[in-house]
Every structure is written in C-alpha cells, then in structure tokens.
Amino acid sequence: MKKVIVWVSALLICSGLLGMTAFAQAPDRAVDKEGHQWWQHAVFYEIYPRSFADSNNDGVGDLKGIASKLDYLKDLGVDAIWISPCFPSPQVDFGYDVSDYENIDPMYGTLADFDVLASEARKRNIRIILDFVVNHSSDQHKWFLDSKSSRTSAHRDWYIWRDGKGPGQPPNNWASTFGGPAWKLDPTTNQYYYHYFYAEQPDLNWRNPAVKDAMFGIETWWYKRGVSGFRLDAVDTLFEDPKLQDNPILHPGTNAFGDPYEDNKNNTKLPEVHDVLRGLRKVADEHNAVLIGETWTTDVAELNQYYGDGNNELQLPMDFLFTMVNKLSPAEFRKQIAAVNGASGWPTFVISNHDIVRSYDRYGDGEHNDQIAKVMAALYLTLRGTPIMYYGEEIGMKTTPPTSKEEVKDPIGRTGWPKEKGRDGERTPMQWDGTANAGFSKAAPWLPVPPTYETHNVAAELKDHNSVLEFYRKVLKLRHDNTALLDGNYKAINETDDNVLSYLRIYKDHGTVVALNMTNAPQKISIGLKGNGFASVKSLLATEKSVATGDDVSLEPYGVFIGELSQ
Ligand code: GLC
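Residues numbered from 1 in each chain as written. Predicted model: local features only at pLDDT ≥ 70, side-chain atom pairs only at ≥ 80, totals over all residues. Heavy atoms only, no water.

Asks: Residues and numbers for the overall build of the protein chain, please.
Replies: Within the protein chain, the regular secondary structure consists of 17 helices and 21 strands. C-alpha atoms of the protein chain, sized along the principal axes, occupy 85 × 75 × 50 Å. Expressed as a percentage of its 567 residues, the buried residues of the protein chain come to 58%. On the protein chain, roughly 22600 Å² of surface is accessible, and the fraction owed to carbon and sulfur atoms is 54%. (Helix = DSSP H or I, 4+ residues; strand = E, 2+ residues; numbered from the N terminus. Buried < 20%, exposed > 50% of the residue type's maximum accessible area, 1.4 Å probe, protein only. Areas by Shrake-Rupley, 256 points an atom, 1.4 Å probe, with all protein chains shown as cover.)

In structure tokens form, the structure reads like this:
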C-alpha cells in the first residue's frame with residue numbers, strides 16, 4: 001500500500017512538474033480558425049501592485065494580495081494580468097527604477113511568492129505579464145554603481161557618460177521629461193550621465209552589445225519562470241543621437257517644470273529602437289509570449305512602425321491616440337477607430353492607466369459618471385482588438401489628486417506643483433468593500449482612499465445589478481462568448497451621427513450591433529439590417545430603457561444597446 005502511494009505521488013509530482021514546464025516553455029499555442037493567437041482574444045488587466053491588495057497590512061499592496069484576488073479577476077473575465085514593476089527598487093518612481101531585474105522587491109514578497117502567484121494564476125488560465133523597464137535602471141543597480149565608480153570600470157559604457165560642454169554646462173540642451181536637465185554631473189569621475197526620466201533612472205546604453213545581451217537574458221529568465229509576455233516601458237526613449245545634437249525649441253514659454261518646450265527629435269523615437277524590438281520579439285516568439293508597448297505615437301504610420309514590417313515587432317502597441325479623445329465625441333472616436341483598424345496589426349485599446357487621469361473623470365460629466373462609465377466599457381470592450389483594463393475602472397473608481405503639495409507622493413507632482421500634480425490621483429487603493437480603508441489594508445494605505453469607496457466598491461457593486469461592475473462583468477462575458485465580437489470585422493454605421501456611435505461587428509454570417517448614446521438626451525438610430533445582409537436583431541445586453549424595434553434602436557440618455565443580428 002505504502003509503495004503504491006509513493007508511486008502515485010511520484011507520478012503526480014512528475015506530471016505536475018511536466019505540466020509546469022510545458023506551460024512555462026510552450027504554453028497553449030491554440031489559434032482559432034482564423035489564425036487568431038491567444039493574446040488577440042485575451043482581456044488584459046493592469047495591476048498597480050502598491051495599490052491592489054495588501055496581504056501583510058503594511059499599507060502597501062503585495063503579490064500575496066494579488067494572489068488572493070485571482071478568483072475575483074477570473075470571475076470578472078480577465079485572462080491576463082499585467083503587473084506594473086514589482087522588482088527590487090528604491091521606489092523613487094514607484095518601481096520604474098529597477099535595482100535588480102531578476103527578483104521581487106521585499107515590499108511585494110519573494111520569488112517564491114511570485115511562483116505561487118504564477119501557479120495559482122495558471123490554474124485559473126490567467127497569464128502573467130510583467131513590466132520590463134528597458135530604457136533605464138535605478139541608480140542603485142549594481143551595473144550603475146560599478147559604472148559610476150571609475151571611467152574605466154567594466155560597466156562604464158553600460159550607461160551614457162559625457163564631458164560637459166564647459167564648466168557647469170551639461171553636454172547639450174536636453175531636458176528630462178520629469179523636469180530639469182537630462183544630465184547629472186557625477187563628482188567621482190567628473191562626467192555627466194544621461195537620464196531621460198529622474199536622475200535616479202540613468203539611461204542604459206543600448207548601443208553596447210553587452211547591455212543588449214543582459215536585457216535579452218532577463219527576458220528569457222522570466223519566460224522560463226512562467227511569464228507570458230511583457231509590457232515594454234518607455235520604448236520610444238531607448239536610443240539617443242550619438243552626436244548628442246541639441247534639440248530644437250518648439251515655441252516660447254516653459255512647461256510645468258519651468259523647462260522650454262523642446263522637440264525630442266534627437267533623444268526619442270530613433271530608428272534603432274526597431275532593431276531592439278525585433279530582437280525582443282524573436283525571443284518572445286520562442287515562448288509564445290506577447291509584447292505590449294508603451295508607444296506614444298502621433299499617427300497610424302508611426303503605429304505601423306511598431307508592428308514592424310511583416311508584424312515582427314510588437315504584437316500589441318497601445319493606441320494612446322484613443323486615450324486622447326477626451327470627450328464623448330462619436331465623430332472623433334469613429335475617426336480614431338477607423339485609423340487603427342486600417343493599421344497593419346491587431347488594435348490594442350486602453351482607456352486608463354497609472355499615468356493618466358482615470359476614464360471615469362475624463363469622460364464623466366460629474367452627474368452621469370456611472371452611465372458614462374458603462375458607455376465607455378461597452379465601447380472599448382466590443383471593438384476589434386485587445387482591451388487592456390486598469391484596476392478599479394470596472395467599479396467606477398475616481399481620480400483623487402492630492403490637495404496640497406505636502407501630500408504628494410509622486411515626485412513630479414512636487415517639482416511641478418501646482419501645474420503638474422503628479423499621478424497619485426489615479427493610483428489610489430483598490431476599493432474592495434465598505435469597511436475601513438476600503439478593505440485594501442488594515443493599516444493606513446500609502447495613498448488615501450477616496451471617499452467614494454462607500455458607494456463604489458466591489459462588495460457593494462456585486463450586489464447591485466445596475467452597478468458599473470455588473471455591467472463590466474456582462475460585457476466581458478459577452479465578449480468571450482460572441483464570435484462576432486471576438487473575430488468579426490468592424491463596420492461603422494450612421495457615420496455622420498454626432499450623438500450616437502454605432503457599428504457592426506461581422507464574422508461570416510454572425511453579426512453584432514453596438515449603439516452607444518454619447519449624449520444626455522434620448523436618441524434613435526437605424527441599423528440598416530437589410531443593406532447589411534441581416535433580417536432581425538435581438539438584444540444581448542442593453543441599459544434599462546434601450547431597445548430595438550424592427551430596424552431601429554432607441555437609446556435612453558447615455559444608453560447602450562448591443563444586439564445579435566440574424567439573417
Ligand atoms: C513609463 C511608466 C511611468 C514611468 C516612466 C519611467 O512612462 O508608465 O509610470 O514613470 O515610464 O519609467
């Protein structure tokens with residue numbers, strides 16, 4: 001009997017290990033009939049780890065906290081979580097200053113906690129995406145500590161060191177995007193080093209092959225640990241003009257930090273970026289992984305460059321132009337959706353993240369914010385493409401900026417106050433329930449919980465069939481089950497309507513219509529069933545008073561109607 005148990009246990013352990021290795025190295029390669037990859041059908045969800053869930057009650061979220069919420073995420077309809085940096089870091093830029101790329105910050109837990117999170121996520125078919133800060137490290141990373149130690153140190157050329165132009169004069173006029181000069185004089189060797197972001201975030205020198213090898217090695221290291229891809233941070237800024245030419249000044253005046261407005265043509269978006277992306281993609285492909293890009297493009301031509309010729313760079317460069325349509329304008333959304341649909345790769349839609357004011361406030365009018373949050377959910381979760389949600393968006397979390405300079409945690413909010421209040425407002429703790437600290441932590445959270453947690457929290461909204469959360473859950477469910485929403489083409493209808501954004505998603509003989517009233521008055525549209533090859537429509541999901549009759553859809557103020565079309 002004992003022998004049998006030992007044998008069975010060994011078998012179980014082996015198959016468990018095999019299963020794990022199989023997932024880590026060659027996860028599900030299933031593609032659908034149209035050849036869609038897993039990341040085209042997945043719903044991604046960004047977690048800002050400091051603010052999601054605090055398991056050890058120190059006021060800061062952690063990996064065990066995330067693990068404890070996996071069932072919530074699964075139930076919501078999330079297929080992949082992107083965790084903002086959780087690596088060891090002095091936390092000057094809250095993790096975007098990495099001092100060890102292959103470990104976990106003790107504040108968030110341990111590598112063992114990460115492994116547990118990964119295996120618990122895997123059990124629920126949730127993939128993990130990490131944030132790869134490729135442009136810079138922390139000034140406390142051992143590479144930089146060595147680099148700054150002498151002009152001849154082994155890592156000297158891993159960063160960008162130059163002599164000043166003259167006494168007290170940096171090598172050129174480049175300003176840091178976080179304010180002040182982009183160069184800092186280091187007294188040990190009396191040279192300047194370059195930092196596009198904070199001085200504590202020195203730029204890596206990607207022209208040095210050793211840097212490239214080290215970073216590619218890190219990419220593989222995490223894939224082997226079960227990660228399914230990366231969100232690549234600040235890819236635009238990887239390379240600089242080797243001659244370090246001054247940037248032209250765009251126009252007179254100064255920004256929130258008192259710096260001139262410069263055209264970053266010599267230190268952003270250099271063509272060499274694409275060689276690196278192709279290299280990272282090659283490694284990603286070996287692991288069936290996805291690369292998401294923080295790509296601040298100005299038009300579709302630029303977006304196409306990030307997909308790469310033959311789609312060999314980023315699978316999911318985020319369309320930030322969509323986030324810049326900052327009003328409920330059907331015409332502007334239509335224009336941007338059409339542009340991205342005409343791009344050479346698969347669209348990626350985002351409406352909020354840890355660097356921008358939450359969608360709840362950008363679109364909300366102060367009176368109908370919950371209805372408007374539903375309109376926005378119905379919009380970006382029914383478009384052709386991959387959506388990336390931001391934690392809290394699904395419960396209608398509000399941006400809560402600091403009210404005084406003393407309260408600010410994000411350093412740019414202090415240097416730029418009052419014009420730039422920083423990004424604390426969109427990073428407040430997740431609102432889980434109506435208890436103290438919104439159930440995020442038993443200790444005082446690192447950022448204050450907004451007073452709206454009393455009405456907008458997961459526990460309360462799960463009980464209210466009319467809540468923003470319930471609406472998100474329904475749209476997400478629909479999106480996973482509906483072939484036309486997953487694979488269908490996008491076709492705009494009623495293209496001159498200034499009040500209602502409406503479109504069809506058509507996959508073979510399956511059709512879905514989406515109609516979104518972006519105004520505070522009732523509206524009506526026609527679907528054009530016949531002309532589009534359909535005979536009737538049936539409601540799949542609609543707000544209370546939005547209905548279809550024959551070819552027409554009537555929408556209440558800020559109403560949503562999603563319907564199935566039949567032939
Ligand atoms: C990206 C991140 C932002 C960070 C910056 C520097 O823009 O999203 O939060 O401050 O990179 O790493």
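Asks: Quick rundown of the domain arrangement of the protein chain? Include the residues and the values.
Replies: A common way to report how large an interface is uses the accessible area buried once the components associate. Each domain of the protein chain was delimited in the assignment, giving domain 1 (10-139 + 207-474) and domain 2 (489-566). Each of domain 1 and domain 2 has a C-alpha centre, and the two are 31 Å apart. On the side of domain 2, 26 residues touch domain 1, which itself brings 23 residues to the contact. Summed over both sides, the interface between domain 1 and domain 2 buries roughly 2000 Å², with carbon and sulfur atoms accounting for 68% of that surface. Our count for the domain 1 to domain 2 interface comes out at 0 salt bridges. For the interface between domain 1 and domain 2, the tally reads 9 residue pairs in polar contact (both at pLDDT 80 or more). Elements with a contribution of two residues or more to the side of domain 1 that touches domain 2: helix H11 (330-341), helix H13 (369-380) and helix H16 (468-481). Each residue belonging to the side of domain 1 that touches domain 2 can be placed in one class, and the counts come to 10 nonpolar, 6 polar and 7 charged. (Domains from an automatic or database assignment. Contact = heavy atoms within 4.5 Å. Buried area = accessible area lost by both parts, 1.4 Å probe. Salt bridge = Lys/Arg side-chain N within 4 Å of Asp/Glu carboxyl O. Polar contact = N/O pair within 3.5 Å; in protein donor to acceptor, adjacent residues only side chain to side chain. Nonpolar A, V, L, I, M, F, W, Y, C, P; charged D, E, K, R; others polar.)

Asks: Before we move on, can you summarise the nonpolar core with the specific residues and values?
Replies: Formed by 137 residues in total, the largest nonpolar core has its most connected members in Phe 44, Tyr 45, Ile 81 and Leu 379. Taken together, domain 1 (10-139 + 207-474) and domain 2 (489-566) each give at least three residues to this core, which thus spans both. Membership of the second largest hydrophobic core comes to 14 residues, among which are Val 513, Ala 515, Ile 525 and Leu 565. (Core = buried A, V, L, I, M, F, W, Y, C linked by side-chain atoms within 4.5 Å.)

Asks: So, the environment of Ile 249: which residues are in play, and what are the values?
Replies: Residue placement: Ile 249 occurs in strand S8 (residues 249-254). For the pair Ile 249 and Gln 567, spaced 318 residues apart in the sequence, the C-alpha separation amounts to 59 Å. In contact with Ile 249, not counting residues within four places along its chain, are Asn 173, Pro 260, Tyr 261 and Glu 262.

Asks: Lay out the sheet that holds strand S7 (residues 229-233) with the relevant residues and their values.
Replies: A sheet is described by the order of its strands in space; here 8 strands give the open sequence S11-S10-S7-S3-S2-S1-S13-S12, paired in parallel fashion. Strands with a single pairing partner mark the edges of an open sheet, and in this sheet they are strand S11 (316-317) and strand S12 (348-350). The sheet contact formed by strand S10 (residues 290-293) and S11 spans 2 bridges and is parallel. Residue pairing across strands places Ile 292 opposite Leu 316, the latter belonging to S11. Here helix H7 (residues 209-224) sits on the sheet and contacts strand S3 (127-133), S7 and S10; the angle it forms with S3, its principal contact strand, is near 165 degrees. Sheet strands in contact with helix H8 (residues 272-286) are S3, S7 and S10, and its direction is about 145 degrees off that of S10. (Pairing = 2+ DSSP bridges. Axes fitted to C-alpha atoms, helices over the stretch in contact; angles between N-to-C directions.)

Asks: Give a detailed account of the packing of aromatic side chains, specifying residues and quantitative values.
Replies: Scanning the model with the defined rule gives 32 aromatic pairs in all. Centroid distance Trp 143 to Trp 158: 4.9 Å. Interplanar angle 55 degrees. Geometry classified as tilted. With a gap of 15 residues between them, Trp 143 in helix H6 (residues 142-149) and Trp 158 in the loop between H6 and strand S4 (161-162) connect regions that are remote in the sequence. The exposure classification of Trp 143 matches that of Trp 158, with both residues buried. For the ring pair Trp 221 and Trp 222, a centre distance of 4.8 Å and an interplane angle of 85 degrees mean the geometry is edge-to-face. Lying across the ring of Trp 417, Lys 421 places its NZ or CZ 5.5 Å from the centre. (Phe/Tyr/Trp six-rings, centres within 6.5 Å; stacked < 30°, edge-to-face > 60°. Lys NZ or Arg CZ within 6 Å of the ring centre and 35° of its normal.)

Asks: Explain the pattern of salt bridges to me, and be specific about the residues and the numbers.
Replies: Should the charged atoms of two oppositely charged side chains come close, the side chains can pair. Considering all chains together, one arrives at 24 salt bridges under this definition. The partner of Glu 120 in a salt bridge is Arg 124, with the nearest N and O atoms 2.9 Å apart. Measuring nitrogen to oxygen at the nearest pair gives 3.8 Å for the salt bridge that ties Asp 246 to Lys 165. One end of the pair, Asp 246, is in the loop between S7 and S8; the other, Lys 165, is in the loop between S4 and strand S5 (183-186), with 81 residues separating them in the sequence. Overall, Asp 246 belongs to the partly exposed group, its relative accessible area being 37%. Residue classification places Lys 165 among the exposed positions, given a relative accessible area of 55%. Look at the salt bridges and you will find they share partners, linking Asp 93, Asp 355, Asp 410, Arg 423 and Arg 427 into a network.

Asks: If you had to explain the site of the ligand to someone new, which residues and values would you point to?
Replies: Taken together, 13 residues lie around the ligand, and Asp 93, Asp 233, Glu 294, His 354 and Asp 355 are the ones closest in. The separation between an oxygen atom of the ligand and a polar side-chain atom of Arg 231 is 3.0 Å. One of the side-chain N or O atoms of Asp 233 is found 2.9 Å from an oxygen atom in the ligand. Contact with the protein chains covers 96% of the free accessible surface of the ligand, which is 310 Å². Looking at the shell around the ligand residue by residue, the class counts come to 3 nonpolar, 3 polar and 7 charged. (Near = heavy atom within 4 Å.)

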